[in-house]
Amino acid sequence: MGHYMLKRLLLVLPTLVVPVVLIFTLLRLAPGDPAVVMLGNQATADQVAKLRESLGLDQPIYAQFGDWLGRLLHLDLGHSIFFPEPVLSTISDHGTVTLQLTLLSFALAVVLGVGGGMLAALYRNRAVDRIVMVLAIVGVSLPEFWFGLNLILIFAVRLQWFPVSGYVPLSEGLLPSMRSLVLPAVCLGMIQAAFIARLTRSTVLDVLSEPFVTTARSKGLPERIVVFKHIARGVLVSILSTMGVILGLLLSGAIAVEVVFALPGLGRLLVDSVGRRDYPVIQGVVLITSLTFVAVNLLVDFLYAFVDPRVRYE
């Protein structure tokens, strides 16, 4: 187990380096100059040159990358070009919103997806099964931005149950903060719930044919014990393998959702920073997002041995 964990940790480095190097290079090859964006089109060439020099943008790409890596070794992501604070502080301020949204969406996706998938499998070829599968197919097909706009139109504009947009900080109360995130979480979580429901249904149907389920029922155990103790545990192993991928999809999907609902999260920060050519912030957000994705998948791998005793890492 220890040898496996060490190998997985070593594989983290190339997983993080590749996206960081790509985003660093592509940003500087893309058209647009942060100095021109900051000073405006009316700025003279001399003013632009002086600002580029002060920002270190006049250096070769390899020199800029080496300087950024040197600071990164000291846990310094640099300073934002547009915000008067370090990149780490900017990401921390906006990351709270994305973290809340992701966790709420993840909980919604797992509860509805697993619950709906198990109901569909246990009532196979009945009305419940057909309804759940139709909703799952529709959910997988929905574009996030279109779904979000319709949620705003129905539940915020017409029914006025939730705010149209914006975010209420946790400092102003847990319930107001959660209320401002309900529609974005539903928009983000329902799509992943549809995927989980389809996966859960197929997995439960496979588990139902296993000998241990037949044996449990032949012993006269109540159906709820068979479902929640035996079937659910067998399903958990299969579902666990997708949790890391689902969290990654939620993080990437948060970009569109945060823009639609005007949430000040990392997705909105990334979109705005691309438009402003704020290189340090873009690189910092990509690095933190990649690190989170890798950490979650590592945790999922390590949990296998505890959830399924048959799994042993050699």
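Here, residues in each chain are numbered from 1, in the same order as that chain's written sequence. Local features in a predicted model are, by the rule used here, given only for residues with pLDDT of at least 70; side-chain atom pairs are given and counted only at 80 or more, and totals for whole chains, interfaces and linings are based on all residues. Side-chain numbers come from the whole structure's heavy atoms, not from hydrogens or water.

Student: Outline the overall build of the protein chain, supporting the account with residue identities and numerical values.
Tutor: Secondary structure is summarised from DSSP: a helix means a run of H or I of at least four residues, a strand means a run of E of at least two, and numbering begins at the N terminus for each. Check the secondary structure of the protein chain and you find twelve helices and zero strands. Reading the protein chain from its N terminus to its C terminus gives the helix and strand order α-α-α-α-α-α-α-α-α-α-α-α. Residue exposure (1.4 Å probe, protein chains only): buried if accessible area is under 20% of the type maximum, exposed if over 50%, otherwise partly exposed. Within the span of the protein chain, comprising 314 residues, buried residues form 39% of the whole. Note on contacts: a residue pair qualifies if any of its non-hydrogen atoms lie within 4.5 Å across the two residues. The contacts in the protein chain between residues at least 6 apart in sequence include a share of 72% that link residues at least 24 apart. The accessible surface values rely on the Shrake-Rupley method and a 1.4 Å probe; as for residues, cover is taken only from the protein chains in view. Carbon and sulfur atoms form 68% of the exposed surface of the protein chain, whose accessible area is close to 17,200 Å².

Student: Break down the pattern of salt bridges for me, citing the residues and quoting the values.
Tutor: In the sections that follow, a salt bridge refers to a side-chain nitrogen of Lys or Arg positioned within 4 Å of a carboxyl oxygen of Asp or Glu. Under the criterion given, the structure shown has three salt bridges. Of the charged contacts in the structure, one is a salt bridge between Arg-71 and Asp-67, with a shortest N-O distance of 2.3 Å. In this pair, Arg-71 and Asp-67 both sit in helix H4 (residues 61-72), four residues apart, roughly one turn of the helix. For Asp-272, the salt bridge identified is with Arg-268, shortest N-O distance 3.7 Å. In this pair, Asp-272 and Arg-268 are both assigned in helix H11 (residues 266-276), four residues apart and thus about one turn of the helix distant. Assessed through its relative accessible area of 29%, Arg-268 is described here as partly exposed.

Student: How would you explain unusual backbone geometry if you had to name every residue and give the values?
Tutor: Positioned with a positive phi, Asn-125 is a non-glycine residue whose angle comes to about 65°. Mapped onto the elements of the fold, Asn-125 is located in the loop between helix H5 (87-122) and helix H6 (127-141). For Gln-160, which is not glycine, the phi dihedral falls at a positive 55°. Judged by its relative accessible area of 60%, Gln-160 falls in the exposed class.

Student: Any chance you could break down a nonpolar patch on the surface for me, citing the residues and the numbers?
Tutor: Residues enter patches when they are more than 30% accessible in relative terms and free of salt bridges; like-charged ones are connected within 9 Å and nonpolar ones (Val, Leu, Ile, Met, Phe, Trp, Tyr) within 5 Å. A cluster of nonpolar side chains, contributed by Leu-153, Ile-154, Val-157, Leu-159, Trp-161 and Val-164, occupies part of the molecular surface with about 520 Å² of accessible area. Considering the arrangement of structural elements, one finds Leu-159 in the loop between helix H7 (144-158) and helix H8 (174-208). Relative accessible area serves as the criterion here: at 40%, Leu-159 is assigned to the partly exposed category.

Student: With reference to specific residues and values, describe the packing of H6 against H8.
Tutor: It is at 8 Å that the axes of H6 and H8 come closest, and there the two elements cross at 135°. Between H6 and H8, the crossing angle belongs to the class labelled oblique. Classified by chirality, the crossing of H8 by H6 is left-handed. Residues Asp-129, Met-133, Leu-135, Ala-136, Gly-139 and Val-140 of H6 form the contact with H8, whose own contacting residues are Ile-191, Ala-194, Phe-195, Ala-197, Arg-198 and Arg-201. The class makeup of the residues in the contact of H6 with H8 is eight nonpolar, one polar and three charged. Axis definition: a line fitted to C-alpha atoms, over the contacting stretch in the case of helices. Angles run 0 to 180 degrees between N-to-C directions. Reported orientations rely on four angle classes, namely roughly parallel under 35 degrees, roughly antiparallel over 145, roughly perpendicular from 65 to 115, and oblique for the rest. By definition, turning the near helix anticlockwise from the far helix through less than a right angle yields a left-handed crossing, and turning it clockwise yields a right-handed one. Each residue gets one of three labels, nonpolar for Ala, Val, Leu, Ile, Met, Phe, Trp, Tyr, Cys and Pro, charged for Asp, Glu, Lys and Arg, and polar for the others, Gly among them.

Student: Could you give me a rundown of the environment of Gly-115, with the residues and numbers involved?
Tutor: Take Gly-115: it is sitting in helix H5. When the C-alpha positions of Gly-115 and Thr-200 are compared, they lie 8.5 Å apart, and in sequence the two are 85 residues distant.

Student: Quick rundown of the nonpolar core? Include the residues and the values.
Tutor: Throughout, nonpolar core names a set of buried Ala, Val, Leu, Ile, Met, Phe, Trp, Tyr and Cys residues whose side chains join them through atoms within 4.5 Å. Formed by 22 residues in total, the largest nonpolar core has its most connected members in Leu-101, Cys-187, Leu-188, Val-257, Phe-261 and Leu-263. Elements represented by at least two residues in this core include exactly H5, H7, H8 and helix H10 (223-260). When residues of this core are assigned to their parent elements, the largest contribution, seven residues, is made by H8. With residues up to four places along the chain from it excluded, the contact list for Leu-188 reads Leu-101, Ser-105, Glu-144, Leu-250, Gly-253, Ala-254 and Val-257. Core analysis: the second largest hydrophobic core is formed by 17 residues, Trp-68, Leu-77, Ile-91 and Leu-287 among them.

Student: Quick rundown of the side chain of Thr-102? Include the residues and the values.
Tutor: With respect to the helices and strands, Thr-102 occurs in helix H5. Residue Thr-102 is classed as buried on the basis of its relative accessible area of 5%. Apart from the residues within four sequence positions on either side, Thr-102 is in contact with Leu-247, Leu-250 and Leu-251.

None of this, on its own, says anything about what the molecule does.
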